[in-house]
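Below, each chain spelled out in residue letters.
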Amino acid sequence: MDTVPMPRAEEFEVFLSYWRELQVAETPVPQRQTFNPMRLKGLLPFVFLIEVRAPDDLHVRLSGTALDAAFHGQMSGHNFLDLCDPAERGFYGKLAGDICRQPCGVRLIRRTTFQDGKTHDLREMGLPLASRDGDIRYIIGLLSVRSDHVTGEPKVMELKQSHVRTVQYIDLGYGVPPSVSEGSVV
C-alpha cells in the first residue's frame, strides 16, 4: 500500500516559518520556552523534542502520538540513539552536535525497514532551540510517518534497518557545518 507521508511538504515549511517567527534580535535561536505547541496543533502528533545532553545521549523529551504509534512504544524518556539502527548512532550524534554548535537546521530522508517487512521513507526536519540561559541544546523536529504504518500490534523497537538517503543542512543565518557527508545545503 502506497500512501502519502504526513505531514506534507508545505507543512514542513509552516514548521520552519513558525520557528523563524520565534527569533528575536537578542536571542537569534529561539528559547525552548517560546515554542507554543498550540500554534502547530495539527502537527503535534508528528513533533519531537530532543535534549542533546552529550554526543551519545540524545534524550527524547517529547514525542507525538503518531511517532509513538509508528515506533510501537513511547519514545519520550529514551535516548534517541537507542531507538536508531546501531550503525547510525555516530551519524545522529554528530548531526545533533552540528545543529546545536552551528546553529543550523537539517532536513533528511531516512529509509527504514521494520520487522514486519514494511519499508518507509521517513522525512524529518530538526531545528535548534536554546535553554533559558542561551545554551543551544534542544532540537525541535517534525517527522512524517506513513499512515499505514501507524496501525498494528504494539511492539517496542521493531526497527530492523535504517539508512539515511539524503541530508540537507538549513542555513538559519549562521552558516552550516563545513562538511556535509550526504545531501546539500539549502
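What counts, and where the lines are drawn
- Each chain has its residues counted from 1, following the order in which its sequence is written.
- Totals for whole chains, interfaces and linings use all residues, but because this is a predicted model, local features are given only for residues with pLDDT of at least 70 and pairs of side-chain atoms are given and counted only at 80 or more.
- Hydrogens are left out, water is left out, and the side-chain values use all remaining heavy atoms of the structure.
- In this description a helix means any DSSP run of H or I spanning at least four residues, a strand means any run of E spanning at least two, and both kinds are numbered starting from the N terminus.
- Each residue's exposure class comes from its accessible area (1.4 Å probe, protein chains only) as a fraction of the maximum for that residue type: buried when under 20%, exposed when over 50%, partly exposed otherwise.
- Contact between two residues is taken to exist if any of their heavy atoms lie within 4.5 Å; hydrogens are not considered.
- Using only the protein atoms, space was sampled on a 1 Å grid; points where a 1.4 Å probe fits but cannot get out form cavities, open sets with protein on both sides within 12 Å along at least five of seven lines form pockets, and lining residues are those with an atom within 4 Å of a point.
- Grid points are joined across faces, edges and corners, and a volume is the space filled by probe spheres set on the points.
- Here, nonpolar core refers to any group of buried Ala, Val, Leu, Ile, Met, Phe, Trp, Tyr and Cys residues whose side-chain atoms link them within 4.5 Å.
- Expected span of a helix, by definition, is 1.5 Å for each gap between consecutive residues, and there is one gap fewer than residues.
- Regarding the arc, it is the one traced by the directions from the helix axis to the C-beta atoms.
- Strands were regarded as paired on the criterion that DSSP finds at least two bridges between them.

Novice: What am I meant to see in the overall build of the protein chain here?
Specialist: What the protein chain contains, in helices and strands, is four helices and seven strands. Its helices and strands taken in sequence order, the protein chain reads α-β-β-α-α-α-β-β-β-β-β from the N to the C terminus. Across the 186 residues in the protein chain, those meeting the buried criterion constitute 48%. Nonlocal contacts in the protein chain, meaning residues at least 24 apart in sequence, comprise 59% of its contacts between residues at least 6 apart.

Novice: Looking at this structure, I do not really get empty space enclosed by the protein. What am I missing?
Specialist: Using the criterion set out here, one finds four cavities of 30 Å³ or more in the structure. In this structure, the largest cavity occupies an estimated 170 Å³ of space. Along the walls of the largest cavity sit 15 residues, with F48, Y92, L95, I99 and E124 positioned nearest its centre. For the lining of the largest cavity, the elements supplying multiple residues, two or more each, are β1 (47-54), α4 (89-101), β3 (105-114) and β4 (119-130). Per element, the largest residue contribution to the lining of the largest cavity is four residues, and it comes from α4.

Novice: Explain the nonpolar core to me, please; I cannot follow it from the model alone.
Specialist: Side chains of a nonpolar character, in soluble globular proteins, are inclined to be buried together. Within the largest apolar cluster, 27 residues are counted, with the highest numbers of intra-cluster contacts made by L58, M75, F80, Y92, L95, I139 and V167. Of all the secondary-structure elements, those providing two or more residues to this core are β1, β2 (57-63), α2 (65-70), α3 (80-83), α4, β3, β5 (136-143) and β6 (159-170). The element that contributes the greatest number of residues to this core is α4, accounting for five residues. Setting aside chain neighbours within four positions, we find I139 in contact with F48, L49, I50, V52, A96, I99, C100, G126 and L127. Grouped together as the second largest cluster of nonpolar side chains are 23 residues, F35, V47, A130 and I140 included.

Novice: Help me out: how do you make sense of unusual backbone geometry in this one?
Specialist: Trans peptide bonds make up most of the peptide bonds, and negative phi angles are found at most residues other than glycine. Cis peptide bonds are those with omega within 30 degrees of zero, and the linkage from Q102 to P103 qualifies with -25°. Note on placement: P103 falls in the loop between α4 and β3.

Novice: Would you explain helix α1 (residues 9-22) in this entry?
Specialist: Every α-helical turn comprises 3.6 residues, leaving residues that sit three or four positions apart pointing alike. An ideal rise of 1.5 Å per residue puts 20 Å on 14 residues; α1 measures up with 21 Å between its terminal C-alpha atoms. For α1, the full list of buried residues reads E11, F12, F15, L16, Y18, W19 and L22. The buried side chains of α1 occupy one side of the element, clustering within an arc of 155° when seen end-on. Looking at α1, the residues exposed on the side facing more than 90 degrees away from the buried face are A9 and E21.

Novice: Whenever I open this one, the pairing of β4 confuses me. Can you help?
Specialist: Regular strands place their side chains on alternate faces of the sheet. Along β4, 10 of the 12 residues are buried, which leaves the element largely enclosed by surrounding structure. Sheet topology places β4 next to β5; seven bridges connect them, and they run antiparallel. Residue pairing in the sheet places A130 in a bridge with I136 of β5. The loop that links β4 with its antiparallel partner β5 comprises five residues; one of these, G134, has a positive phi angle of about 90°.

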